[in-house]
Structure formats: structure tokens, C-alpha cells
Amino acid sequence: MSLLRSTTPAQNASGVGTARGSAGMKTLVITLVGWSVALVIFFPILWMILTGFKTESAAIADPSFIFTPTLESYEAVQARSGYARFALNSVAVAFGSTFLALLIAIPSAYAMAFLPTKRTKGTLLWMLSTKMLPPVGVLVPIYLIFRDVGLLDTRTGLIIIYTLMNLPIVVWMLYTFFKDMPKDILEAGRMDGASTLQEVFFLLLPLTLPGIASTGLLSVILSWNEAFWSLNLTSSKAAPLTAYIASFSSPEGLFWAKLSAASTMAIAPILILGWMTQKQMVRGLTFGAVK
Amino acid sequence: MATLQLNNITKHFGDTAVIKGIDLEVNDREFVVFVGPSGCGKSTLMRIIAGLESATDGDIVIDGQRMNDVGPADRGLAMVFQSYALYPHMTVEGNMGFSMRLAGVPKEERRAKVLETAKILQLEPLLDRKPKALSGGQRQRVAIGRAIVRNPSIFLFDEPLSNLDAALRVQMRIELARLHEKLNATMIYVTHDQIEAMTMADKIVVLHDGVVEQVGSPMALYHHPANRFVAGFIGSPKMNFFDVELISTSPEGVQVRLPGGGECTVPVNAQALENASSENTPIESQPALELGIRPEHLVLDEAGALSGQIEVLERLGGQTSLYVRMGDLLVTLMTDGDVAYRVHETIRFGFAPERAHLFAADGRALPSLAQHPLAGLTRHDNRTSGDAEALA
Ligand SMILES: Nc1ncnc2c1ncn2[C@@H]1O[C@H](COP(=O)(O)OP(=O)(O)OP(=O)(O)O)[C@@H](O)[C@H]1O
Ligand SMILES: [Mg+2]
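Just so it is clear, the model here is predicted, and its values are computed rather than measured. (Residues numbered from 1 in each chain as written. Chains lettered and ligands numbered in written order. Predicted model: local features only at pLDDT ≥ 70, side-chain atom pairs only at ≥ 80, totals over all residues. Heavy atoms only, no water.)

Every contact between the two is made by 15 residues of chain A and, on the other side, 22 residues of chain B. For the pair chain A and chain B, the summed buried surface comes to about 1600 Å²; carbon and sulfur atoms form 67% of the total. Of all residues in chain A, Met191(A), Asp192(A) and Phe202(A) give up the largest surface area on contact with chain B, accounting jointly for 44% of the area buried on that side. Run the count over chain A and chain B and you get 2 salt bridges. Taken together, the connections running from chain A to chain B amount to 7 residue pairs in polar contact (both at pLDDT 80 or more). Mapped by element, the contributors of at least two residues to the side of chain A that touches chain B are helix H10 (183-191) and helix H11 (196-207) of chain A. Take the side of chain A that touches chain B: its biggest share by element is 7 residues, from H10(A). Of the residues assigned to the side of chain A that touches chain B, the class counts are 8 nonpolar, 3 polar and 4 charged. (Contact = heavy atoms within 4.5 Å. Buried area = accessible area lost by both parts, 1.4 Å probe. Salt bridge = Lys/Arg side-chain N within 4 Å of Asp/Glu carboxyl O. Polar contact = N/O pair within 3.5 Å; in protein donor to acceptor, adjacent residues only side chain to side chain. Helix = DSSP H or I, 4+ residues; strand = E, 2+ residues; numbered from the N terminus. Nonpolar A, V, L, I, M, F, W, Y, C, P; charged D, E, K, R; others polar.)

Quick look at the structure:
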């Protein structure tokens, strides 16, 4: 599209030859770089999807794009079963933790954005700094607590841990979206007689919905892809798809094709969700910039 | 019916005092304008009245009732914001009816009230539009409509016209004056546009650095500014100030020596200042006096006491502004559109002594011996009695 734009009649008419040439060159370079970066990012996923359709021997042979596609691996994975159960756990845990995180984060972000104190900035930074601690640092205490209160291998346990894991990011993102909201509008609402709760439900939430949606989506994706805690805190009942993938790598050695097929099935839902909400997501991430 | 009283209001943000003890009385159905330079605390004072900001100290009294601890919606006020602050996700009707929706008014009743208000503001064809599909002037009218719907006893406007272009501003100014007549409400209006202040106000409150410099009718402020700040702030172009030397005082006024050697007796009361002065210094021993004279009160005069060289000459057609160099001073002089002077010519000019103002070193004005005949005029007096009867 950008290539097309550089040769519109208006530009042809107004541009001096050399200037037009260098502008065209620039868009060409930018387009090439853009595509290359996208390809580099996407390539591992593409390779995984392709490998899933290979036979086990083709998968470990010299890398090649040319092969006879087969559903062999998918059949094998299906036969070992359990996908639906794991997927259901993933859905419950990802959406449950996101819901809970939003429920806690919306009032927190409201307070920080609209009723800031001297310590608000510090609190925000401190919250984010907890994300810099490697999770393994608290694995043992968390494991022991979970064991003692009976949360091991339960969805509730995972929901709690994922909520805590995502809360700093969710609060931080909502905070930036709320801060971008013109204060006057909320004050006008207050003059019109809105209570704090009405202010939030009638004005704040509808107006920051794109931001809330993209925050929620990010939280779902992070929870969906999380492996460390799910592997350590679940065994069978509550195990999500990340645990399902892992089960293909350890007991049976490295069956690349089956592993790829399982992984493809595990990421498919989130990939589709992400693709469908792409527009919302981009709008949310650039909310402040365009307004 | 609504009166407002502010008793010694102060406001601190952290350690900085923004409002430093303001007393004010607003009468029923009065149009009061707050003016002052940027950052002087106009918006803050208005937000304290609205209840969006709490006062650090002092009382806000509406209709005889202390309102400090009453929420913004329950004070019987409505506010129009500079940014309009319309709800972007609601239609015009939704915006105007929001307060009633919150109050649980049934839908039909809401609609009727919104329609009635929309009629006043010529908004009927726009009721289904969202704010982003409206022009600036239309948004402004919706914001005003949203305030009217609430039937407030006091309207608060924070620079409502500053985002509009010049032509629309004039139109909205007239419309607001008309609304004030029609709604019979008390209105408080913040602006730093002094044309708005002069034309709309019954009473102007000049704020500066968080204190009230003077309260009075536009004509009182123009003809009898209480101090140098108000004198310089009200009136456009700005008043000229000259350093003058005191010669003598007498019951007829204060005699001073003008730059260039001329003498002049300004009919002001020096005694009053002496009495009021805390140090009780007699005027003779005060270090300096300043004489203020408005550009429109300087007249070209071959026998005038002042002279200088024209540096810039601006012809506006009906009027000509002359910028005249007098030593370090650049004096502004408004005169007839047809004067035949050119740049670099030297001119003589003078003024009628009763048009001049004298300011003591601390900036206070020496009170005039005679009140200007129009100083007591209010906006209502501009109407003929026939008009007043027609409206009554
Ligand atoms: N929330 C706040 N925290 C700290 N200082 C503030 C706050 N709100 C206003 N101020 C300060 O108070 C002073 C007065 O502000 P205010 O908005 O009342 O000025 P204003 O007279 O309305 O000016 P303008 O004509 O520019 O609108 C300013 O110096 C401003 O920086
Ligand atoms: Mg302001």
C-alpha cells in the first residue's frame, strides 16, 4: 500500500524527479525492513505449524519446505487424548484470572489516576518491580502454602497465582489509559450527580473500553502461555495446555512432529483470538496517542 | 433565588497558597465575572464554589446555607467547562439528559425536558448526534444545555468561549446575555477576555495572585480603578503610566509635575490616602507618584503638556493608534481615524485632568473627588424603561 501511495498522480505532478526517487526508495526500504522483521518473528511459529504436518522422520531430516503433508501426528496426539480437558482448564484459568485481575485493578487504577497522592508513582514502580523478581525465587514458599491450604492442582490455585502474576501489568496499563481520560468529563459527571460507582460505570468504563479490552487480552495471553507455575503447581486435574505440551517432550523423548502438532493445537485458540481482536488491540495500545 | 457568599476562602496546594483569603458577595440574578491574568486562581475559586475542590479554609454559603461539606451535585449549581467536557459516547440528548437519568427521572419526562431546553438553544435538529459530529459552537451550546436542564440556581462558566473563533465568540456572548435575561439565574463567569468581562458583567471581580483586587461594575472599574493593577488590567489598549513629581496638595486636588516640565492638578483626594495609610506617612514624604491616563483620554493638542515622537502608527480606519516615544516611555494614544501624522513626526498632546488617575508608591489609587456619572451604571440600566417593562 505504501508503495502504491508513493506513485500517486499528485506526487508525480508536484515532485521533482530526484526527490520522488529518494522518497520511493525510502518507502521501499521501510517496507522491506518491515516484512523482514515480521518474517523473523513469525518464522518459528510457521516452522512449528509445518513440522506438525510432517512425519516423524521428515521432521528430523534436513529442514525442508517441500514434503508430503500428513495428519499422522495429529492423529497420534488425538489418540493420546486429553486435549479438550487441558484446553478447558486453560480457558477457565486464563479468563478467570483475567476477570479477577480486572476486578481488582480497575478500582486500584482509578484511585491512582484520579486521586493520586505523593506516593502513587512510587507504588506503581514498586508493583512493577515485583515482576523483575524471578518466579522461581518464591516457588518453594508458594508451593508449600498451596499444599497446606489444598490449592495444589486446582484451577482456583492457578487463577489466584495468575491474577497475582498479571496484576502489576494490568494495573499499570489501566492506569495509563485512565490517565489519558480527560478529567473534566468525570467532573462534569460529578456535577450531574453521579456517584463514584456511576462515574465508573457510565463514563470511565465505556470511554476506556478499548484500553480495558486490550489489557484484558494481554492478561489472557500471558496466562494462556504461562508454563512455569502450571508445570509446578498442577499435575493432572487442573493442568492447562502448557502442561499438555510439556507432556510430549519428557516421557517420549523428542518427537518433534507430535510436539509441534500439540503445540499448534495449544496456541491455535489464542492465535485466532488475537487475530480477531487485532484492531481492538492496536487501538488500545495507541489510545493515548490518537484520542 | 440564589445568593452566594464567600467568607475568607483560602486554598493551598501542598505548600503553595493559590487562594489567599477571598470574601465575596454575589446577589440574586447577578452576572458576576471573575477576571485576572493566567494562573491567578480564577478556575480554582470557581471549582471551590462548585465543590470539585475543597477549600483549605473559609465558608461557602449559598442561600444562607453553609455548603462546604455538601457534594457538587447537591449545591444547586451547574458548571460549563472550558473544554465542554461532553460525554463523547452519548448523543446530544443523552448528554443533556444524563443528570435526570442518574436521578431516575422517567424517560418521557426526560425527553420532554431535553426538548424544551433544546428549543431555547436551537439544538432540536442535533439531538441524535454524538459530540464529535458537532461544531465548536454547537458543542458549546450542548454544554450550556446540559447545565440548563438541571435547573440550577447558580450557573458557573469557566472560560466557556475561549475555544471558539472570534465571530462565534461575539455571537455566543450575546446569546449568553440573552439566556441570563431569560433564565433569571445567578451566573458566575470566568474569563481573561476583558471585552467579555466589560460587556456581560453586572459585577466584575478582578483577581490577582489569589486575592481580590477590586469588585465593582464595569464602569466603576474603568473610571475608578482602586489600584494600579486594576487600572492596567481593565481597558484596552492598556493605560499609560508616567512617573510624576508631587508639587502640592490642596482641597482641589494634587498638583504634580509631568515629564517634560508641565504641571497639572489632578482632582483627587490626597487626604483619604494619608488616613488610610498604615504608616500614616503624609503624601509629601512618599517617594513617588504615578499618573495614569488611558490612551483614549489623551488628546492631540498644540498646547498640550506632553510631547514625543511618533514611533509606530496603526490606522484601523475609524481610529488610529499612535505609539509615541517619550524618553524611556512608549505612550499609546488613541485618536481619530483621519489624523494626517506620519512616523517620526513630533507631536504635542494633553489630557483633561479629571480623566487622569494618581497612584501612590504602593499602587493604591488616590480616590477621585467626583464620581464619574456612569460609574454606578449596571448592565440593566442600559435598557430603556420601556424595555424593562416589556421584560417584566
Ligand atoms: N491541582 C493543583 N495542584 C497544584 N497546583 C495547582 C493545582 N491546580 C491549580 N494549581 C495552581 O494554582 C494556580 C491557579 O490556577 P488556576 O487554574 O485557578 O488559574 P486560572 O486563574 O484559572 O488561570 P487560567 O486563566 O490560565 O485558566 C496556578 O498557579 C496553578 O499552577
Ligand atoms: Mg482557568
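Turning next to the nonpolar core. In terms of nonpolar packing, the biggest core is built from 65 residues, with Phe178(A), Leu4(B), Leu6(B), Phe34(B), Leu156(B) and Ile188(B) touching the most fellow members. Among the elements that make up this core, the one with the highest residue count is helix H6 (residues 83-114) of chain A (9 residues). Residues within four places of Ile188(B) in sequence aside, it is in contact with Leu4(B), Val26(B), Val32(B), Phe34(B), Met46(B), Ile49(B), Ile154(B), Phe155(B), Leu156(B) and Phe157(B). Within the second largest apolar cluster, 43 residues are counted, among which are Val35(B), Met96(B), Leu126(B) and Leu176(B). (Core = buried A, V, L, I, M, F, W, Y, C linked by side-chain atoms within 4.5 Å. Buried < 20%, exposed > 50% of the residue type's maximum accessible area, 1.4 Å probe, protein only.)

The subject of this paragraph is the pattern of salt bridges. Tallying each qualifying case throughout the model produces 15 salt bridges over all chains. Arg47(B) is paired through a salt bridge with Glu187(A); the nearest N and O atoms lie 2.7 Å apart. Of this pair, Arg47(B) sits in helix H1 (residues 42-50) while Glu187(A) sits in helix H10, placing the two residues on different chains. By relative accessible area, which is 5% here, Glu187(A) ends up buried. For Arg66(B), the salt bridge goes to Asp59(B), with nearest N and O atoms at 2.8 Å. Under the relative-accessibility criterion, Arg66(B) is labelled partly exposed at 47%. Overall, Asp59(B) belongs to the partly exposed group, its relative accessible area being 27%.

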